[in-house]
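Residue-level structural notes
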Amino acid sequence: KAGVTQTPRYLIKTRGQQVTLSCSPISGHRSVSWYQQTPGQGLQFLFEYFSETQRNKGNFPGRFSGRQFSNSRSEMNVSTLELGDSALYLCASTGRDLTYEQYFGPGTRLTVT
Amino acid sequence: QKEVEQNSGPLSVPEGAIASLNCTYSDRVSQSFFWYRQYSGKSPELIMSIYSNGDKEDGRFTAQLNKASQYVSLLIRDSQPSDSATYLCAVNPDGGATNKLIFGTGTLLAVQP
């Protein structure tokens, strides 16, 4: 079974621009969660989507948004990029069983200059 | 007070020894607990999940959960240099209603040959 895939793997953007990151979950998984990882703050929860609905949202400004499509693929968007948005953005998918185990993709490394 | 706390380390153990990693959490309603391993430059990899008080063993790994004391630990037996990584403790604070995970800052483990 293929794992979680994320595109692109690396991205360099300029302050003020916007960016869209994509995540394809493990086949059959309907829940997709997004996290931001930085050296200073560690791994922080951004939001979770299940069946195209945002089910939970972390403590991030409204510049961070996401969506999920009917095939469970998900995108996250960051508008008006700031230097502090430089981070590893991780997507994780969870299956329908009750283990709540999350499997991470390789991540997208975003650098804002 | 941080919701999930771990000793940042580094924890240095000789090859073949037992490595003991600890984690405490603040939210008593938490029901699901996870240990992830993250190599430098890579994404987190799930190694153990635990939901009930007591021990859960998987190969060289044993997870221990004590809900009354609000701590979860990971033991790695016969430690190998390839175990050298950052170990992240994660807790689902929503009782399973969503897949949000709260992560600790991680413990860096160094296994000396």
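So, how was this worked out
- Residues numbered from 1 in each chain as written.
- Chains lettered and ligands numbered in written order.
- Predicted model: local features only at pLDDT ≥ 70, side-chain atom pairs only at ≥ 80, totals over all residues.
- Heavy atoms only, no water.
- Core = buried A, V, L, I, M, F, W, Y, C linked by side-chain atoms within 4.5 Å.
- Buried < 20%, exposed > 50% of the residue type's maximum accessible area, 1.4 Å probe, protein only.
- Helix = DSSP H or I, 4+ residues; strand = E, 2+ residues; numbered from the N terminus.
- Contact = heavy atoms within 4.5 Å.
- Pairing = 2+ DSSP bridges.
- Axes fitted to C-alpha atoms, helices over the stretch in contact; angles between N-to-C directions.
- Disulfide = S-S within 2.5 Å.
- Polar contact = N/O pair within 3.5 Å; in protein donor to acceptor, adjacent residues only side chain to side chain.
- Buried area = accessible area lost by both parts, 1.4 Å probe.
- Salt bridge = Lys/Arg side-chain N within 4 Å of Asp/Glu carboxyl O.
- Nonpolar A, V, L, I, M, F, W, Y, C, P; charged D, E, K, R; others polar.

Remarks on the nonpolar core
Within the largest apolar cluster, 24 residues are counted, with the highest numbers of intra-cluster contacts made by B:Trp35, B:Val72, B:Leu74, B:Ile76 and B:Tyr87. Where this core is concerned, the elements lending two or more residues are β3 (19-25), β4 (32-38), β5 (45-50), β7 (61-66), β8 (71-76), β9 (85-92) and β11 (107-112) of chain B. Setting aside its immediate chain neighbours within four residues, B:Leu74 contacts B:Ala19, B:Ser20, B:Leu21, B:Trp35, B:Ile47, B:Met48, B:Phe61, B:Thr62, B:Ala63 and B:Tyr87. With 21 residues, the next largest nonpolar core counts A:Val19, A:Phe60, A:Phe64 and A:Leu110 among its residues.

Some points on the sheet that holds strand β3 (residues 19-24) of chain A
Residues and elements named next belong to chain A. Ordered by their spatial adjacency, four strands build an open sheet running β1-β3-β8-β7, and the pairing between neighbours is antiparallel. Of all strands in the sheet, those with a lone pairing partner are β1 (5-7) and β7 (64-68), marking the two edges. Within this sheet the neighbouring strands show an average axis-to-axis angle of 20°, counted without direction. Sheet topology note: the β3/strand β8 (residues 74-78) ladder contains five bridges and is antiparallel. Across the sheet, the residue bridging to Cys 23 is Ser 74, located in β8.

Let's talk about the state of the cysteines
In this structure the tally under the stated criterion is two disulfides over all chains. Each disulfide pairs two cysteine sulfurs, and for A:Cys23 the partner residue is A:Cys91, the sulfurs being separated by 1.7 Å. Here the S-S torsion is close to -45°, and the disulfide linking A:Cys23 with A:Cys91 is therefore left-handed. Linking A:Cys23 in strand β3 with A:Cys91 in strand β9 (residues 87-94), this pair joins segments that are 68 residues apart in sequence. This pair shows no difference in class: A:Cys23 is buried, exactly as A:Cys91 is. Residue pairing for B:Cys23: its cysteine sulfur links by disulfide to B:Cys89, the two sulfurs lying 2.1 Å apart. A torsion of -70° about the S-S bond marks the disulfide between B:Cys23 and B:Cys89 as left-handed. In this pair, B:Cys23 sits in strand β3 while B:Cys89 sits in strand β9, placing the two residues 66 residues apart along the sequence.

Details of the side chain of B:Gln6
Residue and element names in this part refer to chain B. Inspection of the secondary structure puts Gln 6 in strand β1 (residues 4-6). Engagement of the side chain of Gln 6 in a polar contact is seen with the backbone nitrogen of Gly 106, the distance being 3.1 Å. Discounting chain neighbours no more than four positions away, the residues touching Gln 6 are Asn 22, Cys 23, Trp 35, Tyr 87, Leu 88, Cys 89, Gly 104, Thr 105, Gly 106 and Thr 107.

Observations regarding the interface of chain A and chain B
The interface of chain A with chain B comprises 19 residues on the first partner and 18 residues on the second. Summed over both partners, the interface of chain A with chain B buries about 1700 Å², with 54% contributed by carbon and sulfur atoms. Where chain A meets chain B, there are zero salt bridges. At the boundary of chain A with chain B, the tally comes to nine residue pairs in polar contact (both at pLDDT 80 or more). Counting residues per element, the ones that place at least two in the side of chain A that touches chain B are β4 (31-38), β5 (42-50), β6 (53-57), β9 and β10 (102-104) of chain A. It is β4(A) that contributes the most residues to the side of chain A that touches chain B, four residues altogether. In terms of residue class, the side of chain A that touches chain B is built from eight nonpolar, eight polar and three charged.

Worth remembering: the numbers are spatial, not functional.
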